[in-house]
Amino acid sequence: MVSFLIFIGVFLFMECVTWCTHKFVMHGFMWYFHSDHHQPKYTNVFERNDIFFVIFAIPSILLFYFGTIDGINYLFFIGLGLTFYGFCYFMVHDVLIHQRFKWFKNTKNKYLIGLRKAHKAHHKHLDKEHGECFGMLFVPFKYYKI
């Protein structure tokens, strides 16, 4: 039970980490890597922005490693929470919103439509200032209205 609570707690906490990282790091001192993501119709398969997947994967890998050295401990479940959040981020951001893979093109789900609207509002700003909607899974309720 404690392991499950650690997993869920880390998963939920990662939304806060994502919001802060997106606002203050990606739209701050690491804008160079994130800027191409805000350009319309980016034609390459990979973006400089994809470096953030690697940056976030490193702690997960280390937590899995150190969480299994002498049997499974709490570090493993922290890594699991990070990894599951990363998977959800990939599915929502890259697959659903940006359609890097054409798997869920015609959703009617109000929550998923709200996520798309919020991200569209975020991307209307092509520079690093004056952004909005920095989260990924939890966005303001105004975007869920149809």
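Residues numbered from 1 in each chain as written. Predicted model: local features only at pLDDT ≥ 70, side-chain atom pairs only at ≥ 80, totals over all residues. Heavy atoms only, no water.

Participant: Please explain the overall build of the chain as it appears in this structure.
Facilitator: Helix and strand counts for the chain stand at five helices and zero strands. Across the chain, helices and strands are ordered from the amino to the carboxyl terminus as α-α-α-α-α. If one aligns the C-alpha atoms of the chain with their principal axes, the spans along those axes are about 50 × 35 × 30 Å. Each of the 146 residues in the chain was classed as buried or not, and the buried ones make up 39%. Contacts spanning at least 24 positions in sequence make up 51% of the contacts within the chain whose residues lie at least 6 apart. For the chain, the computed accessible surface area is about 9,300 Å², with 72% contributed by carbon and sulfur atoms. Of the side-chain charges in the chain, 15 are positive and 9 negative, and the distance between the mean point of each set is 13 Å. (Helix = DSSP H or I, 4+ residues; strand = E, 2+ residues; numbered from the N terminus. Buried < 20%, exposed > 50% of the residue type's maximum accessible area, 1.4 Å probe, protein only. Contact = heavy atoms within 4.5 Å. Areas by Shrake-Rupley, 256 points an atom, 1.4 Å probe, with all protein chains shown as cover. Lys, Arg positive; Asp, Glu negative; His and termini not counted. Charge placed at Lys NZ, Arg CZ, Asp CG, Glu CD.)

Participant: Please explain the environment of His119 as it appears in this structure.
Facilitator: Structurally, His119 is set in helix H5 (residues 110-123). If we skip the residues at most four places from it in the chain, His119 touches His37, His93, Ile97 and His98.

Participant: Would you take a moment to explain a nonpolar patch on the surface for this structure?
Facilitator: A cluster of nonpolar side chains, namely Ile51, Val54, Ile55, Ile58, Leu62, Tyr65, Phe66 and Ile69, defines an oily patch on the protein surface of about 730 Å² accessible area. With respect to the helices and strands, the residue Ile51 is situated in helix H3 (residues 51-66). Judged by its relative accessible area of 34%, Ile51 is partly exposed. (Patch = residues over 30% accessible without salt bridge, like charges linked within 9 Å, V, L, I, M, F, W, Y side chains within 5 Å. Salt bridge = Lys/Arg side-chain N within 4 Å of Asp/Glu carboxyl O.)

Participant: Would you mind showing me how to read the packing of helix H4 (residues 74-97) against H5 here?
Facilitator: When two helices pack together, their arrangement is given by the angle between their axes and by how far apart the axes lie. Between H4 and H5, the least distance of the axes is 11 Å, while the angle of their chain directions is 80°. With respect to H5, the axis of H4 lies roughly perpendicular. Of H5, the residues touching H4 (which contributes Val92, His93, Leu96 and Ile97) are Leu112, Leu115, Arg116 and His119. Grouping the constituent residues of the contact of H4 with H5 by class yields five nonpolar, two polar and one charged. (Axes fitted to C-alpha atoms, helices over the stretch in contact; angles between N-to-C directions. Parallel < 35°, antiparallel > 145°, perpendicular 65-115°, else oblique. Nonpolar A, V, L, I, M, F, W, Y, C, P; charged D, E, K, R; others polar.)

Participant: Please explain helix H1 (residues 2-29) as it appears in this structure.
Facilitator: Every α-helical turn comprises 3.6 residues, leaving residues that sit three or four positions apart pointing alike. In the structure, H1 departs most strongly from a straight axis at His22, where the bend amounts to approximately 35°. All buried positions along H1 are accounted for by Phe7, Val10, Phe11, Met14, Glu15, Thr18, Thr21, His22, Met26, His27 and Gly28. Looking at the packing, one finds that the buried side of H1 touches helix H2 (31-34), H3, H4 and H5. (Bend = angle between axes of the 7 residues up to and from the residue.)

Participant: How do you make sense of the packing of aromatic side chains when you look at a structure like this?
Facilitator: In this description, an aromatic ring pair is defined by two values, namely the gap between the centres and the angle between the planes. By the definition in use, this model includes ten aromatic pairs. Look at Phe11 and Tyr85: their rings are 5.4 Å apart centre to centre, the planes differ by 65°, and that puts the pair in the edge-to-face class. Here the residue Phe11 occupies a position in helix H1, and Tyr85 occupies one in helix H4, the gap between them amounting to 74 residues. You can call Tyr85 buried: its relative accessible area is 3%. Ring geometry for Phe76 and Phe77: centres 5.2 Å apart, planes at 85°, overall edge-to-face. (Phe/Tyr/Trp six-rings, centres within 6.5 Å; stacked < 30°, edge-to-face > 60°.)

Function cannot be inferred from these measures alone, as they are strictly geometric.
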